[in-house]
Amino acid sequence: MAEPTWRWGAVAAGVAALMALPALAGALPARDSGRSAEELLAKVRASGTVGWSGYGESRGTLVLPDVRELSDLGDLVGGTTRVRAWWRGPREWRVNALSLVGETDTTRDRGGGWTWHSADRRALRLVGDLDVRLPAAADLLAPTLGRRLAGTEDVTVRRLPARRVAGMSAAGLRLVPRQPALTTVHRVDLWVEPDSGLPLQVEVRVPGHGGAEGGETDEGEIALQAGLLEVDLAPPAQERTRFSPPARAQVTRVDAPDLAAAADRFAPYVLPDELAGLPRRPRSALSVGGGVGTYGDGFTAVALVPLPEDLARSIIRRVDPGGNAEQAAVSTPLVSGLIGRDGRGRAFLAAGTVPPSTLSAALAQLRVTPPARRTR
Amino acid sequence: MIGVELRKLVRRPRTWVSIALLAALPTLVAVFLAVSDVAPRPGTGPAFLSAVLDNGALFPAAALAIVLPLFLPVAVAVVAGDAIAGEAQDGTLRYLLIRPVGRTHLLVAKLISVMAYTLLAVLVVSGVAYVVGTQLFGSGPLPSVSGTELSTGAATLRTVLAVLYVGWSMLGVAAVALFLSTLTDSPLAAALGAIALLVTSGVLVALEAAAVVQPYLPTRYWLAFVDLFRDPVLTRDLLRGTALQAVYIAVFLGAAWANFTTKDITS
């Protein structure tokens, strides 16, 4: 019986060699660049003009109720999103969110942007800029998300050991909020390409359930992560970031593509300068809207969105079918939302990366001092 | 020996009946679409089907997506599962091996015949789909999933690559069924074993909790042929799928060879 043994041995050795390949590739050591945390942070903030193209994935663990009006938000923060991106600069990029059999592509140019839905061959043209809109796949790209999170001043920053991301040695950075009680974000870990400062991987952590909950030693739990799996650090060709609708596609021009953008453009209220103790964020000088308010610094961010009555009722019914149609709350470890009414019975949505008690305080403030109407 | 097996494949009515049935399903779908003019709501139903009403040249890809989840792998598993076990069940395996033919040689001949069947099946399905699609829906410049238009040459090349990719994916199934076919004397058991593996893989691919093992599942990259119709082609999953199937083919053919060349033939 010597013969069968060597044959099976050969097959087993082949299988073992094949299975060891991924482990070997993953064990390649990462080289640390030796740059300081402050130097890296400055590079990350300036990395918007770094050209690159690549493939990435983002994954969220937040469960939102299935509300049609919030479009893809639930899938974005509660599942895995696969994207391909070509980036030439903040106003010249294309991000394709891939599904199994189709894709939703967003392109940005100097005049505005295009959104292409392959499933129903629909192209939406957006003219100009939007100050406020719902998050989209492009916002969860590791470089975009990392840059946005690194933009805040109200954090302490330190180095983490380097890690291999997308085949490169990436330097680690940890951002910890200075006022942890104000936000649900426990810490943000970034791994960046050390020469360009391009964030390659981002992990947003919330306080863990361990004994040291919220403390210095608490590593926290990942609520949202984004990373590039393949990246080419050369600016892509210009035609990669351009879009022109194909023949027989349905082309629509839109001013306000979602609920938040519509409220920002059309809501007629003067919102307070301070909400639940948080200051209102300044708006860009070119802003056309103003119906939505954003509040807080750094990781603490709250949006106050006035809702039309029918929309508010329809969302409340979906979130809380057995409730009283007056208010509804959604809470996840990272993001919470609360729909309620002001002193005159008008519906508002307050949502953000804050504890639910902050949102309750915000709506309590609106009940005491209801916003006045805007004069045009 | 190889010639004998190929001739046997072509002469068997079973070969042509199963391929005709494979081609009939997409044709039936096309006829219903053409008569009712109601495409599946975008985002539902098999890939590409909602775009087919506009452009019949896309129908080969849609037809592959229709037969890929179940029909095609079942047909391949049945044919490959029958390769050795069928001879054993008929009692002809011993007589085959009494002839001065090496066992490895016989296995290779069976393998090539199974490969020929697989390739024939995907070619006939897509060929019939092309004729049916362009006749019923007309043709135009093929749109890519990314909203660009592909030239006729590029579109043809991508469709051919999609057909080859699906064929290659099916060879993985064939290798598993062929291995099981050397283990048992029952062709039915071999085919069912391979199908059971595919069903298991299909369930795990859809399960987020099984993410750790997903890159190793045989069906994980099957639908990656859709990536050929993105612009530019997204090669990531296609390359992984091709490599993964190569590993399945190598491992299970190796196991089939190790088992069959040393097996006691009792029937």
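A quick note: this is a predicted structure, and the numbers were derived from the prediction, not measured.

Thresholds, definitions, all that
Counting restarts for each chain: residues are numbered from 1 in the order of the written sequence. Working convention: letters from A go to chains and numbers from 1 go to ligands, in the order in which they are written. Totals for whole chains, interfaces and linings use every residue, but because this is a predicted model, local features are given only for residues with pLDDT of at least 70 and side-chain atom pairs only at 80 or more, for both listing and counting. In computing side-chain properties, one takes all heavy atoms of the structure into account and sets aside hydrogens as well as water. Only runs of H or I of at least four residues qualify as helices and only runs of E of at least two qualify as strands under DSSP, and these elements are numbered from the N terminus. Restricting the calculation to C-alpha atoms gives the radius of gyration, and the globule rule supplies 2.2 Å times the number of residues raised to the power 0.38. Residue exposure (1.4 Å probe, protein chains only): buried if accessible area is under 20% of the type maximum, exposed if over 50%, otherwise partly exposed. We call two residues in contact when some of their heavy atoms are within 4.5 Å. The protein chains shown are the only cover counted for residues, whose accessible areas, like all others here, come from Shrake-Rupley with a 1.4 Å probe. The source of the domain bounds is an automatic or database domain assignment. Here the quantity called buried area is the total loss of accessible area, with a 1.4 Å probe, experienced by two parts when brought into contact, counted for both. A carboxyl oxygen of Asp or Glu within 4 Å of a side-chain nitrogen of Lys or Arg is what we treat as a salt bridge. Identification of polar contacts relies on pairs of N or O atoms within 3.5 Å, with a donor-acceptor requirement for protein atoms, meaning one able to donate a hydrogen and the other able to accept it, and with residues adjacent in sequence counted only if both atoms are side-chain atoms. Any residue outside Ala, Val, Leu, Ile, Met, Phe, Trp, Tyr, Cys, Pro, Asp, Glu, Lys and Arg is labelled polar, Gly included; the first ten of those are nonpolar and the last four are charged. Two strands are said to pair when DSSP picks up at least two bridges between them. Only the contacting stretch of a helix is used when fitting its axis, a line to C-alpha atoms as for every element, and angles between N-to-C directions run 0 to 180 degrees. Buried residues of nine kinds, namely Ala, Val, Leu, Ile, Met, Phe, Trp, Tyr and Cys, make up a nonpolar core once their side-chain atoms join them within 4.5 Å.

Draft legend 1. Just the overall build of chain A, in detail. Across its full length, chain A holds seven helices and 21 strands. Relative to the 2.2 N^0.38 estimate, which gives 21 Å for 376 residues, the radius of gyration of chain A is 23 Å and therefore close to what a compact globule would have. Counting only C-alpha atoms and orienting by the principal axes, one finds that chain A spans roughly 90 × 60 × 50 Å. The 376 residues of chain A split such that 48% are buried. The long-range share in chain A, meaning contacts at least 24 apart out of those at least 6 apart in sequence, stands at 58%. Entry remark: accessible area of chain A is about 17,900 Å², with carbon and sulfur atoms responsible for 55%.

Draft legend 2. Layout of the domain arrangement of chain A. Residues and elements named next belong to chain A. If you check the domain split of chain A, you get domain 1 (37–239) and domain 2 (258–373). Taking only C-alpha atoms into account, the centre of domain 1 sits 24 Å from that of domain 2. Between domain 1 and domain 2, the contact holds 29 residues from the first and 25 residues from the second. Buried area between domain 1 and domain 2, summed over both chains or domains, comes out near 2,300 Å², and the portion from carbon and sulfur atoms is 72%. Three residues stand out in domain 1 for area buried against domain 2, namely Glu69, Val132 and Thr184, and they jointly supply 25% of the buried area on that side. Seen at the junction of domain 1 and domain 2, the total is one salt bridge. Here Arg283 ties to Asp131 by a salt bridge, and the two come within 3.3 Å at their closest N and O atoms. Applying the counting criterion to the domain 1 and domain 2 interface returns six residue pairs in polar contact (both at pLDDT 80 or more). Among the residues making up the side of domain 1 that touches domain 2, the classes are represented as 21 nonpolar, three polar and five charged.

Draft legend 3. Spatial organisation of the sheet that holds strand S2 (residues 80–89) of chain A. Residue and element names in this part refer to chain A. Spatially, the twelve strands line up as an open sheet ordered S7-S8-S9-S10-S11-S1-S2-S3-S4-S5-S6-S12, and their pairing is mixed. Every other strand in the sheet has two partners, leaving strand S7 (155–165) and strand S12 (250–254) as the edge strands with one partner each. Each strand of the sheet is rotated relative to its neighbour by a mean of 15 degrees, with strand direction disregarded. Of the pairings in the sheet, the one linking strand S5 (residues 112–117) to strand S6 (residues 122–127) comprises six bridges and is antiparallel in character. Across the sheet, residue Gly112 finds its bridge partner in S6, namely Val127. Helix-sheet contacts for helix H4 (residues 142–150) involve strand S1 (52–60), S2, strand S8 (168–177), strand S9 (187–192), strand S10 (199–206) and strand S11 (221–232), and the interaxial angle to S10 is about 60 degrees.

Draft legend 4. A look at the nonpolar core. Phe48, Leu72, Leu93, Phe225 and Phe229 of chain B are the most contacted members of the largest nonpolar core, which has 83 residues in total. Ranked by residues supplied to this core, first place goes to helix H8 (residues 152–183) of chain B with 15 residues. Once you skip the residues sitting within four places of it in the chain, Phe48 of chain B turns out to touch Leu58, Ala61, Ala62, Val145, Phe225, Val226 and Phe229 of chain B. Judged by nonpolar contacts, the second largest core, of 49 residues, contains Val95, Leu145, Ala150 and Leu198 of chain A.

Draft legend 5. Representation of the side chain of Gln245 of chain B in the model. Summarising the element assignment, Gln245 of chain B is placed in helix H10 (residues 235–260). Beyond its immediate stretch of four places on either side in the chain, Gln245 of chain B contacts Trp168, Ser169, Gly172, Pro218 and Trp222 of chain B.

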